[in-house]
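The primary structure of each chain is shown beneath.
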Amino acid sequence: MESPTPRISPPYIRLGRACSLASALIFTLQSEGYAAPLVGTELAGRPLVVDGDTIEIAGQRIRLEGIDAPESAQTCQTEGGATTACGRVATRALAQITDNQIVACQSVGTDKYGRMLGICFLDGEDINCYMVESGNAWAFVKYSQRYVVQEAKARAAKIGIWQGAAQPAWEFRHAGWQVAEAGAPEGCAIKGNISKNGRIYHMPWQVWYANVKIDPDRGERWFCSEAEAIGAGWRPASKN
């Protein structure tokens, strides 16, 4: 049974529980092989929250480095077996702590889709760290070991995604891709839709994916990769 009101882990009050501070960040980046100073310049502003691990500042999409939050369409379980919309919970948690706040992000590079990979701060404290420590994201150990201690704390406390059974976001995406790929032309499962909002592509694990119909006569099409979609002039759909 799905819980009608998904529980949000208590937000920080001004991020009161200290995560990694900026001075500690520089040491960590150096120890992990990043150049110092940070490879990108600081980008600051009031963010638009896309999902639990992605924001936009001044039109620049920023993927929070070192973490992976549940996808917006994803559900998890509580200790009692109830289903919660953990993807929406994570998005709301990030939106709550950043609401009308100035967030500063330091770039550690870009991903293959051209998004900035950022470590973002509110009042000098690490937001990426908060999302893991509050049980709203996994440490993305495939790419970074930076937040494994915070993940262990959240897991031990059984908060957020650690309350019960939860499929890691990367496994959820992989499973969604496999299902969609089986029924897509030539296995290219990304839907390139054209609407009043422009040319938008939808990934198989996103909320509205099943409702999107592709009409080639209107110029709509399927893509095999996000890089292909972006290169053709499509932009990602909102994940909310």
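For the structure itself, look to the data block above.
Since the model is a prediction, treat every value here as computed from it, not as a measurement.

Q: Report on the overall build of the chain, specifying residues and quantitative values.
A: When helices and strands are counted, the chain shows six helices and 15 strands. Within the chain, the proportion of its 240 residues that are buried is 51%. Restricting the contact set of the chain to residue pairs at least 6 apart, pairs at least 24 apart contribute 64%.

Q: Help me get a handle on the pattern of salt bridges, residues and values and all.
A: Evaluation of the coordinates by the stated rule reveals 10 salt bridges. Between Asp 111 and Arg 115 there is a salt bridge whose closest N-O contact spans 2.6 Å. Residue class for Asp 111 comes out buried when judged on its relative accessible area of 17%. For Arg 115, a relative accessible area of 18% puts it in the buried group.

Q: So what's going on with the sheet that holds strand 14 (residues 221-223)? Residues and values would help.
A: If you walk across this open sheet you meet the four strands as 14-12-13-15, and the pairing is mixed. The outermost strands of the open sheet, each flanked by one partner alone, are strand 14 and strand 15 (235-236). Looking at chain direction, strand 12 (residues 190-195) and strand 14 are connected through three bridges and run antiparallel. Looking at the pairing, Lys 191 lines up with Trp 222 of strand 14.

Q: Outline the layout of surface pockets, supporting the account with residue identities and numerical values.
A: Empty space within the largest pocket amounts to approximately 1,000 Å³. Along its surface, the largest pocket is lined by 38 residues, and Asp 111, Lys 112, Tyr 113, Arg 115 and Glu 226 are the ones closest to its centre. Those elements giving two or more residues to the lining of the largest pocket turn out to be strand 4 (60-64), strand 5 (67-68), helix 5 (169-183), helix 6 (226-231) and strand 15. Here the residues of the lining of the largest pocket are counted per class, giving 17 nonpolar, five polar and 16 charged.

Q: Can you break down helix 5 residue by residue, with the values?
A: Taking 1.5 Å per residue as the helical rise, helix 5 with its 15 residues ought to reach 21 Å, and the 22 Å between its terminal C-alpha atoms agrees with that figure. Residues of helix 5 that are buried: Ala 169, Phe 172, Arg 173, Gly 176, Trp 177 and Ala 180. Each buried residue of helix 5 lies within a common arc of 130° when the element is viewed along its axis, so the set occupies one face. Helix 5 presents Val 179 and Ala 182 as exposed residues on the side facing more than 90 degrees away from its buried surface. Contacts made by the buried residues of helix 5 are with strand 5, strand 11 (138-139) and strand 12.

Q: Kindly report on helix 2 (residues 86-98), identifying the contributing residues and their values.
A: Spacing of three or four residues puts side chains on the same side of an α-helix, whose turn is 3.6 residues. Over its 13 residues, helix 2 runs 18 Å from end to end, which matches the ideal 18 Å to within 8%, given 1.5 Å per residue. For helix 2, the full list of buried residues reads Cys 86, Gly 87, Val 89, Ala 90, Thr 91, Ala 93, Leu 94, Ile 97 and Thr 98. Asn 100 lies just past helix 2 and shows a positive phi near 60°.

Q: Now, about the state of the cysteines: what can you tell me, with residues and values included?
A: One pass over the structure, following the stated rule, counts three disulfides. Note on cysteine connectivity: Cys 105 is disulfide-linked to Cys 120, with sulfurs 2.1 Å apart. Torsion about the S-S bond of the Cys 105 and Cys 120 cystine: about 110°, corresponding to right-handed handedness. Here the residue Cys 105 occupies a position in strand 8 (residues 103-110), and Cys 120 occupies one in strand 9 (residues 116-122), the gap between them amounting to 15 residues. Assigned by exposure class, Cys 105 and Cys 120 land together as buried. Note that Cys 188 is cross-linked by a disulfide to Cys 224, the S-S spacing being 1.7 Å.

Definitions and limits used
- Residues numbered from 1 in each chain as written.
- Predicted model: local features only at pLDDT ≥ 70, side-chain atom pairs only at ≥ 80, totals over all residues.
- Heavy atoms only, no water.
- Helix = DSSP H or I, 4+ residues; strand = E, 2+ residues; numbered from the N terminus.
- Buried < 20%, exposed > 50% of the residue type's maximum accessible area, 1.4 Å probe, protein only.
- Contact = heavy atoms within 4.5 Å.
- Salt bridge = Lys/Arg side-chain N within 4 Å of Asp/Glu carboxyl O.
- Pairing = 2+ DSSP bridges.
- 1 Å grid on protein atoms, 1.4 Å probe; cavity = no way out; pocket = protein on both sides within 12 Å on 5 of 7 lines; lining within 4 Å.
- Points joined across faces, edges and corners; volume = space filled by probe spheres on them.
- Nonpolar A, V, L, I, M, F, W, Y, C, P; charged D, E, K, R; others polar.
- Expected span 1.5 Å × (residues − 1).
- Arc of directions from axis to C-beta.
- Disulfide = S-S within 2.5 Å.

All quantities given are derived from atomic positions and should not be read as evidence of function.
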